[in-house]
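What follows is each chain in one-letter form.
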Amino acid sequence: MIMRRSAHEVSVRMVRKLRAAPQDVYASWTNPKLLGHWLIEDGDTVKALAMNVRTGGRFRLEGVDRDDNAFSFGGTYLDVIEDRHLAFSWEYDGPSPDLHCGPSVVMVDFRPLAPGWTELSVTHHLLENHGQPMGIARRRAGKQDWHTDLRRPHGCP
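Because the structure is a prediction, the values reported are computed rather than measured.

Asker: Run through the packing of aromatic side chains, naming residues and quoting values.
Answerer: If you walk through the whole model with that rule in mind, you get nine aromatic pairs. With a centroid separation of 6.3 Å and 15° between ring planes, the pair formed by F71 and F73 is classed as stacked. Seen from their ring centres, Y77 and F88 are 5.9 Å apart, and the 70° between their planes marks the pair as edge-to-face. With Y77 in strand β5 (residues 70-81) and F88 in strand β6 (residues 85-93), the pair connects residues that are 11 residues apart, well separated along the chain. Among the residues examined, F88 registers a relative accessible area of 5% and is labelled buried. Taken together, the aromatic side chains of W29, F59, F71, F73, Y77, F88 and W90 make up a single cluster linked through ring pairs. Positioned over the ring face of W117 is K17, at 5.1 Å from the centre of the ring.

Laid out in structure tokens, this is it:
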């Protein structure tokens, strides 16, 4: 779902019901071995991934896309509640102009449902580029990126 709070601010929110315990879904976001498998697009390669998952900690992923163009993204963890919630800043540096949105904020919530089930909610706030809504909002809400990847993060049954 694409939400617009003003002419210059766009947020994208996705909610998925996953057959996995909240701690397993949380691990797919906080364990570098798991995150690197599902966060990037098919055909891209992770070259380096560093994560310090704590409030104030930083993360950075460096890779190359299928056309051998280097990219990176990273940010700072703004709020961390183990197995329940993550909030972090996000900034992309790479060849795709549609993904350049300046600094933004991603919020991830892990809500337990029935035993072995989790509701995963991801909201990407403050998506804009030079005052224009970003292509990333359309991509995130479309059939690529998190929309498909959140169906089943790597490491979750």
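Asker: So what about the pattern of salt bridges? Which residues, and what values?
Answerer: The final tally for this structure, using the stated rule, is three salt bridges. One salt bridge in this structure joins R60 and E62, with 2.9 Å as the shortest N-O distance. A relative accessible area of 33% means that E62 is categorised as partly exposed. Across the pair R111 and E119 runs a salt bridge whose closest N-O atoms are separated by 3.1 Å. Overall, the relative accessible area of 42% leaves R111 in the partly exposed class. Look at E119 and you get partly exposed, because its relative accessible area is 22%.

Asker: Before we move on, can you summarise unusual backbone geometry with the specific residues and values?
Answerer: A negative phi angle is the norm for most residues apart from glycine, just as the trans form is the norm for most peptide bonds. Notably, D68 is not glycine yet its phi reads approximately 70°, a positive angle. With phi around 65°, D83 is a residue other than glycine that occupies positive phi space. Position of D83 relative to the elements: it lies in the loop between β5 and β6.

Asker: If you had to explain the side chain of T118 to someone new, which residues and values would you point to?
Answerer: Assignment of secondary structure puts T118 in strand β8 (residues 118-127). Given a relative accessible area of 0%, T118 falls into the buried group. One polar contact links the side chain of T118 to the main-chain carbonyl oxygen of A20, over a distance of 2.6 Å. Once you skip the residues sitting within four places of it in the chain, T118 turns out to touch R16, K17, L18, A20, A21, P22, V25, F110, R111 and L113.

About the cut-offs
- Residues numbered from 1 in each chain as written.
- Predicted model: local features only at pLDDT ≥ 70, side-chain atom pairs only at ≥ 80, totals over all residues.
- Heavy atoms only, no water.
- Phe/Tyr/Trp six-rings, centres within 6.5 Å; stacked < 30°, edge-to-face > 60°.
- Helix = DSSP H or I, 4+ residues; strand = E, 2+ residues; numbered from the N terminus.
- Buried < 20%, exposed > 50% of the residue type's maximum accessible area, 1.4 Å probe, protein only.
- Lys NZ or Arg CZ within 6 Å of the ring centre and 35° of its normal.
- Salt bridge = Lys/Arg side-chain N within 4 Å of Asp/Glu carboxyl O.
- Polar contact = N/O pair within 3.5 Å; in protein donor to acceptor, adjacent residues only side chain to side chain.
- Contact = heavy atoms within 4.5 Å.

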